[in-house]
Protein chains: 2
Amino acid sequence: VLAATLEELTVGGFTALTIDNVARRAAVHKTSLYRNWKDRASLVAEALAENVAGGVPIPDTGSIETDLREYARSLIGWLTSPVGRAVLAATISDAARAEPEIVEIEQRFYFDRLRRAEPMVTRAIARGELPSNTDPNAVIKTVLAPIYLRLLITAEPVDDATADQAARVALAAARAGALGSG
Amino acid sequence: VLAATLEELTVGGFTALTIDNVARRAAVHKTSLYRNWKDRASLVAEALAENVAGGVPIPDTGSIETDLREYARSLIGWLTSPVGRAVLAATISDAARAEPEIVEIEQRFYFDRLRRAEPMVTRAIARGELPSNTDPNAVIKTVLAPIYLRLLITAEPVDDATADQAARVALAAARAGALGSG
């Protein structure tokens, strides 16, 4: 069912996705979907969370430099995959931005992803690799920002070099205390 | 005429903008517009360039820290102005992304803006504030990235604190040599 949800998403986008279509594609009765997911939003949220968790694992190599680089590389891999592209297109599409339900799925998705990535930074602080007042959320967002800038604004290619540069910048800023809280 | 172009842009967006509408709004004959601008794209490009040049001056205070902070603050002011919002909406709108002419106006606009901001960094290198191999384009993009991330992805507020943080991160990364070329 989750796979069918992602297929519907990549084919028609968020706006066209319905429980009925997902049930048809998964060849199950829609009542069994409603038993497990209270609405379309919960179904999409779970399918996306599972997909991105598989595609973008949170590394724990013992080095913040390696962790951030691997994280940025797998994130780029996911953002340029069919599901990642569909999510990104939905995030910025006029139709999706006009639907509060979709905006809420996306916000929850992005904030959940950020929260799950934060332990890379808290572990680095515990190891003494980063200043103790480093804001984990700010570090992760500093890794993400140049990747989204390229994908959405400058339309420049994103590749491993983009990932490595994003990780390097976030790390340098964090080490210099520019990503501290308070 | 340029003011009328921006009004058309903020009211109806890129896709609805025509030379005829601009001529009507400016109360001039459209043949006089065609005499000065060979097409809609040139007219919009000039109107935008003039508007953003006025709204986002390139500072030259003698300190890269102050320059980047002032630049980021005025950029946020512009991006949240009616014209800035219209440009950003057009950049990511489905309709605009489907029109190669609009994509080209935007690409030229963004790259021209980046190019014009680079002297802040080259002057800082000349003053010895930044490593000599610092890539000016990469520094400016590092200032822009978190601002666009908030506007387009996380939908968090953008304000002076966002600007100051963006400038601080770019500066720390540049000083640490993380934004060097080659």
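Our structure is the block above this text.
Counting of residues starts from 1 at the beginning of each chain's written sequence and follows it residue by residue. The lettering of chains begins at A and the numbering of ligands begins at 1, in the order of writing. Where local features are concerned, this predicted model is filtered to residues with pLDDT of at least 70; where side-chain atom pairs are given and counted, the filter is 80 or more; whole-chain, interface and lining totals use all residues. As a rule here, side-chain values come from all non-hydrogen atoms in the structure, and water together with hydrogens is ignored.

> Report on the interface of chain B and chain A, specifying residues and quantitative values.
Counting residues at the interface gives 32 residues for chain B, matched by 32 residues for chain A. Buried area: the sum, over both parts, of the accessible surface (1.4 Å probe) that disappears when the two are put together. With both sides pooled, the region where chain B packs onto chain A buries about 2,500 Å², and carbon together with sulfur makes up 67% of that total. When the area that chain B buries against chain A is broken down by residue, the three leading residues are Ile92(B), Leu149(B) and Ile153(B), summing to 22%. Any pair of N or O atoms that falls within 3.5 Å is considered a polar contact. Within protein, one atom must be able to donate a hydrogen and the other to accept it, and sequence-neighbouring residues count only if both atoms are side-chain atoms. On the surface where chain B and chain A come into contact, there are four residue pairs in polar contact (both at pLDDT 80 or more). Helix and strand labels come from DSSP, where a helix needs a run of H or I of at least four residues and a strand needs a run of E of at least two; each type is numbered from the N terminus. Listed by contribution, the elements that provide at least two residues to the side of chain B that touches chain A are α6 (82–92), α7 (94–97), α8 (100–117), α10 (136–154) and α11 (160–175) of chain B. When residues in the side of chain B that touches chain A are grouped by element, the largest group, twelve residues, is from α10(B). For this classification, Asp, Glu, Lys and Arg are treated as charged, while Ala, Val, Leu, Ile, Met, Phe, Trp, Tyr, Cys and Pro are nonpolar and the rest, including Gly, are polar. Looking at side-chain class alone, the side of chain B that touches chain A contains 20 nonpolar, six polar and six charged residues. Residue contacts follow a heavy-atom distance rule, with two residues in contact if any of their heavy atoms lie within 4.5 Å.

> Which residues make up the environment of Arg116(B), and what are the values?
Residue and element names in this part refer to chain B. Structurally, arginine 116 is set in helix α8. It is 19 Å that separates the C-alpha atoms of arginine 116 and arginine 127, two residues lying eleven residues apart in sequence. For arginine 116, the side chain forms a polar contact with the side chain of aspartate 112, separated by 2.9 Å.

> Talk me through the packing of aromatic side chains; I want residue IDs and the actual numbers.
Planes of paired rings set the category: under 30 degrees apart is stacked, over 60 is edge-to-face and the rest tilted, where pairs are Phe, Tyr or Trp rings (Trp by its six-membered ring) whose centres lie within 6.5 Å. By the definition in use, this model includes six aromatic pairs over all chains. Geometrically, the ring pair formed by Phe109(B) and Tyr110(B) is edge-to-face, given 5.6 Å between the ring centres and 65° between the ring planes. Seen from their ring centres, Tyr110(B) and Tyr148(B) are 6.4 Å apart, and the 75° between their planes marks the pair as edge-to-face. Note that Tyr110(B) is positioned in helix α8 and Tyr148(B) in helix α10, a separation of 38 residues in sequence. Through a chain of ring-to-ring contacts, the aromatic side chains of Trp78(A), Phe109(A), Tyr110(A) and Tyr148(A) assemble into a single cluster.

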